[in-house]
Amino acid sequence: MVRRNDQRRAALVDAAIEVLARDGARGLTFRAVDAAAAVPVGTASNYFSSRDDLLTQAGARVYERLQPDEATLARQRDAGRDRATYTRLMRELVGRVASFRTGYLALLELRLEATRRPELRAVLTERVRADLDANVAYHEASGLPGDATAVKLLYLAMNWLIVEQLTLPDVLTEAEREELVAAAVERIVRSTAP
């Protein structure tokens, strides 16, 4: 029987994210999650029906934690509608995602694991597709320059920039990353606005 204490479950999923980032998917065991969450041995197995269930819930939780807060969303809604604003939004995005280093590294582990686990692949595919669709819809409603293809190209470019920053942080300096974000927006987004 799977337990229902939502706070404990969230703490265990957050611990699973930390284990994934630190030890990879192969290191994700119920015992490792129990240790990371500082709970008695056997606790995680009471909350998750299987390791696949834990992997799937960790993937969903990373996306929850990567969402911008309401203050950020309000600031974005009130911002300008030009490429300079778009560049600032992309820099904020890269900073927000990179600041949750363990979450993003765990997500990379989950993506690799999804190549071997069809159920996890289905969940991640649905979640990533929904996230991408939400970004396109937000973009179209915001009046920012560019089209859906520009959003998708920036999504791909920013994701790899984040991977580079988190896995090999000395390849690019902070100034180079800032310049690359601006160049990506400038070259990808074709503005019809003045």
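Placed above this text is the structure.
This is a predicted model, so every value here is computed, not measured. (Residues numbered from 1 in each chain as written. Predicted model: local features only at pLDDT ≥ 70, side-chain atom pairs only at ≥ 80, totals over all residues. Heavy atoms only, no water.)

Peer 1: Quick rundown of the overall build of the protein? Include the residues and the values.
Peer 2: In terms of helices and strands, the protein carries 10 helices and zero strands. Element order for the protein, N to C, with α for helix and β for strand: α-α-α-α-α-α-α-α-α-α. Each of the 194 residues in the protein was classed as buried or not, and the buried ones make up 39%. Of all intrachain contacts in the protein linking residues separated by at least 6 positions in sequence, the fraction that spans at least 24 positions is 68%. Carbon and sulfur atoms make up 54% of the accessible area of the protein, which totals about 10700 Å². Across the protein, the 28 positively charged side chains and the 28 negatively charged ones have centroids separated by 3 Å. (Helix = DSSP H or I, 4+ residues; strand = E, 2+ residues; numbered from the N terminus. Buried < 20%, exposed > 50% of the residue type's maximum accessible area, 1.4 Å probe, protein only. Contact = heavy atoms within 4.5 Å. Areas by Shrake-Rupley, 256 points an atom, 1.4 Å probe, with all protein chains shown as cover. Lys, Arg positive; Asp, Glu negative; His and termini not counted. Charge placed at Lys NZ, Arg CZ, Asp CG, Glu CD.)

Peer 1: Could you give an account of unusual backbone geometry, naming the residues involved and the relevant values?
Peer 2: Glycine aside, residues mostly have negative phi angles, and peptide bonds mostly take the trans form. With a phi angle near 55°, A38 is a residue other than glycine that sits in the positive phi range. With a relative accessible area of 70%, A38 lands in the exposed category.

Peer 1: I'd love a proper account of the packing of helix 1 (residues 6-23) against helix 2 (residues 30-37), names of residues and values included.
Peer 2: It is the contact of helix 1 with helix 2, at a shortest axis distance of 8 Å, that shows an interaxial angle of 105°. If you check the angle between helix 1 and helix 2, you find them roughly perpendicular. Residues A11, L12, A15, A16 and V19 of helix 1 pack against A32, V33, D34, A36 and A37 of helix 2. (Axes fitted to C-alpha atoms, helices over the stretch in contact; angles between N-to-C directions. Parallel < 35°, antiparallel > 145°, perpendicular 65-115°, else oblique.)

Peer 1: Requested: an account of the packing of helix 5 (residues 70-77) against helix 6 (residues 83-99), with residues and values cited.
Peer 2: Remark: helix 5 packs on helix 6, axes separated minimally by 12 Å, with the N-to-C direction vectors making an angle of 165°. The pairing of helix 5 with helix 6 is recorded here as roughly antiparallel in orientation. Helix 5 and helix 6 meet at a crossing whose hand is left-handed. Residues T72, R75 and Q76 of helix 5 form the contact with helix 6, whose own contacting residues are L89, E92 and R96. Of the residues belonging to the contact of helix 5 with helix 6, the class tally is one nonpolar, two polar and three charged. (Left-handed = near helix turned anticlockwise from the far one by under 90°. Nonpolar A, V, L, I, M, F, W, Y, C, P; charged D, E, K, R; others polar.)

Peer 1: Explain the packing of aromatic side chains to me, using residue names and the numbers behind them.
Peer 2: Working definition: an aromatic ring pair is given by the centre-to-centre distance plus the angle between the planes. The full count for this structure, using the stated rule, is zero aromatic pairs. Note that R9 overlies the ring of F48, its terminal NZ or CZ placed 5.1 Å from the centroid. (Phe/Tyr/Trp six-rings, centres within 6.5 Å; stacked < 30°, edge-to-face > 60°. Lys NZ or Arg CZ within 6 Å of the ring centre and 35° of its normal.)

Peer 1: An account of the nonpolar core is requested, with residue identities and associated values reported.
Peer 2: Counting residues in each nonpolar core, the largest one holds 54 residues, and the members touching the most others are L20, L28, V33, Y86, L154 and M158. No other element matches the nine residues that helix 9 (residues 148-167) contributes to this core. Among all residues touching L28, those that are not within four sequence positions of it are A16, V19, L20, V33, R51, L54 and L55. (Core = buried A, V, L, I, M, F, W, Y, C linked by side-chain atoms within 4.5 Å.)

Peer 1: Outline the pattern of salt bridges, supporting the account with residue identities and numerical values.
Peer 2: Going through the model one piece at a time under the given rule, you end up with 13 salt bridges. Across the salt bridge formed by R61 and D14, the nearest N and O atoms sit 2.8 Å from each other. Of this pair, R61 sits in helix 4 (residues 51-66) while D14 sits in helix 1, placing them 47 residues apart in sequence. Its relative accessible area of 21% is what places R61 among the partly exposed residues. Here D14 ties to R65 by a salt bridge, and the two come within 3.2 Å at their closest N and O atoms. A residue pair is termed long-range when its members are at least 10 positions apart, and D14 in helix 1 and R65 in helix 4 qualify at 51 residues. Connected through salt bridges with shared partners, the residues D14, R61, E64 and R65 form a single ionic network. (Salt bridge = Lys/Arg side-chain N within 4 Å of Asp/Glu carboxyl O.)

Peer 1: Quick rundown of helix 1? Include the residues and the values.
Peer 2: For helix 1, which comprises 18 residues, the first-to-last C-alpha distance of 25 Å matches the rise-based estimate of 26 Å (1.5 Å per residue) to within 8%. Residues of helix 1 that are buried make contact with helix 2, helix 3 (43-47), helix 4 and helix 7 (101-114). Where helix 1 begins, one side-chain oxygen reaches toward the backbone nitrogen of Q7, 3.1 Å away; that side chain belongs to N5. Looking at the residues trailing helix 1, positive phi occurs at G24, about 80°. (Expected span 1.5 Å × (residues − 1). Polar contact = N/O pair within 3.5 Å; in protein donor to acceptor, adjacent residues only side chain to side chain.)

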